[in-house]
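# Residue-level structural notes
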Amino acid sequence: TEFDRYSTYIHTVQDTFVDDVGNVRSGNLDIVPLQCAVKHQKYCTTLNEFSYAEEVFTIAHVWGNTYYHGMLENIPRLAPYLEFLKRHSSIKVHVANKFVIPHLEILGITRTRIIQGHVVAGIAYVPQAGGCGSIHPISGLVLQNLYSKFIHDHFNITRNTIVVIKRSAKMIETVNDE
């Protein structure tokens with residue numbers, strides 16, 4: 001429905017295992033966020049292969065270790081819940097790659113809260129994903145407002161130019177053919 005396209009959701013799961021790309025397993029329940037490809041994992045079995053967090057908010061994604069997908073698919077997932085995360089500073093933020101840390105710091109998430117890899121968590125928060133190469137509309141608008149506020153508060157910039165980037169079909173065909 002039209003409402004579904006503009007709403008968002010978050011799963012809250014207890015006693016979970018979160019893999020390095022944000023898939024969540026609890027008992028016989030598997031949560032695999034919408035993404036470009038599903039990475040089926042052999043879940044680790046030894047204690048030295050994972051860390052523990054009482055509460056973890058995962059924004060990790062299969063292709064989240066690349067800049068484009070990390071910026072477009074990972075970071076926007078936390079935007080609608082940023083105030084919640086700020087109020088609950090003990091919640092760790094699970095990411096696919098540390099290059100997103102400076103962007104999370106702009107949003108008020110400190111480095112000490114970042115966690116990577118396989119995680120066992122008492123509670124995992126799994127926000128809605130936008131899909132492959134796309135951003136959920138609500139998350140995108142919220143994130144745009146957060147970045148705009150940051151720029152307004154920290155820089156004296158007059159916006160008199162708009163930059164539009166258009167990906168060509170030929171470029172996409174070339175990349176996909178390789």
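Cut-offs used in this document
Residues numbered from 1 in each chain as written. Predicted model: local features only at pLDDT ≥ 70, side-chain atom pairs only at ≥ 80, totals over all residues. Heavy atoms only, no water. Helix = DSSP H or I, 4+ residues; strand = E, 2+ residues; numbered from the N terminus. Buried < 20%, exposed > 50% of the residue type's maximum accessible area, 1.4 Å probe, protein only. Contact = heavy atoms within 4.5 Å. Areas by Shrake-Rupley, 256 points an atom, 1.4 Å probe, with all protein chains shown as cover. Salt bridge = Lys/Arg side-chain N within 4 Å of Asp/Glu carboxyl O. Polar contact = N/O pair within 3.5 Å; in protein donor to acceptor, adjacent residues only side chain to side chain. Phe/Tyr/Trp six-rings, centres within 6.5 Å; stacked < 30°, edge-to-face > 60°. Pairing = 2+ DSSP bridges.

## Remarks on the overall build of the protein
Scanning the protein from N- to C-terminus turns up 6 helices and 7 strands. Reading the helices (α) and strands (β) of the protein from amino to carboxyl end gives α-β-β-β-β-α-α-β-α-β-β-α-α. Evaluated residue by residue, the protein yields a buried proportion of 38% over its 178 residues. Restricting the contact set of the protein to residue pairs at least 6 apart, pairs at least 24 apart contribute 71%. Of the accessible surface of the protein, which amounts to about 11,000 Å², a share of 56% is contributed by carbon and sulfur atoms.

## Describing the pattern of salt bridges
Scanning all chains against the criterion turns up 2 salt bridges. Put simply, Glu105 and Arg111 hold a salt bridge, and the shortest N to O gap is 3.1 Å. For Glu105, a relative accessible area of 34% gives the class partly exposed. Notably, a salt bridge pairs Asp153 with Lys149, separated by 2.6 Å at the nearest N-O pair. Taken as a pair, Asp153 and Lys149 lie in helix α5 (residues 137-154) at a separation of 4 residues, close to a single helical turn. Under the relative-accessibility criterion, Asp153 is labelled partly exposed at 45%.

## Some words on the side chain of Glu55
With respect to the helices and strands, Glu55 occurs in strand β4 (residues 51-58). Among the polar contacts made by the side chain of Glu55, one reaches the side chain of Tyr125 at a distance of 2.5 Å. In contact with Glu55, other than residues within four places in its own chain, are Ser90, Ile91, Lys92, Ile123 and Tyr125.

## Regarding the environment of Gln14
Topologically, Gln14 is positioned in strand β1 (residues 10-18). Since its relative accessible area comes to 56%, Gln14 is described here as exposed. Sequence separation between Gln14 and Gly122 is 108 residues; the distance between their C-alpha atoms is 5.5 Å.

## Topic: the packing of aromatic side chains
What characterises a pair of aromatic rings is the spacing of the ring centres plus the angle enclosed by the ring planes. One pass over the structure, following the stated rule, counts 3 aromatic pairs. Each ring, one from Phe57 and one from Tyr81, has its centre 5.8 Å from the other, and the planes form 55°; the classification is tilted. Separated by 24 residues along the polypeptide, Phe57 in strand β4 and Tyr81 in the loop between α2 (67-78) and α3 (82-87) bring together distant segments of the chain. Through pairs of rings, three or more aromatic residues link up here, namely Phe57, Tyr81, Phe84 and Tyr125.

## Structural notes on the sheet that holds strand β3 (residues 29-31)
If you walk across this open sheet you meet the 7 strands as β3-β2-β1-β7-β4-β5-β6, and the pairing is mixed. Since the sheet does not close on itself, it has two edges, and those belong to β3 and β6 (114-115), each with one partner. Bridging between strand β2 (residues 24-26) and β3 involves 3 bridges; their strand directions are antiparallel. Counted as the bridge partner of Arg25 is Asp30 from β3.

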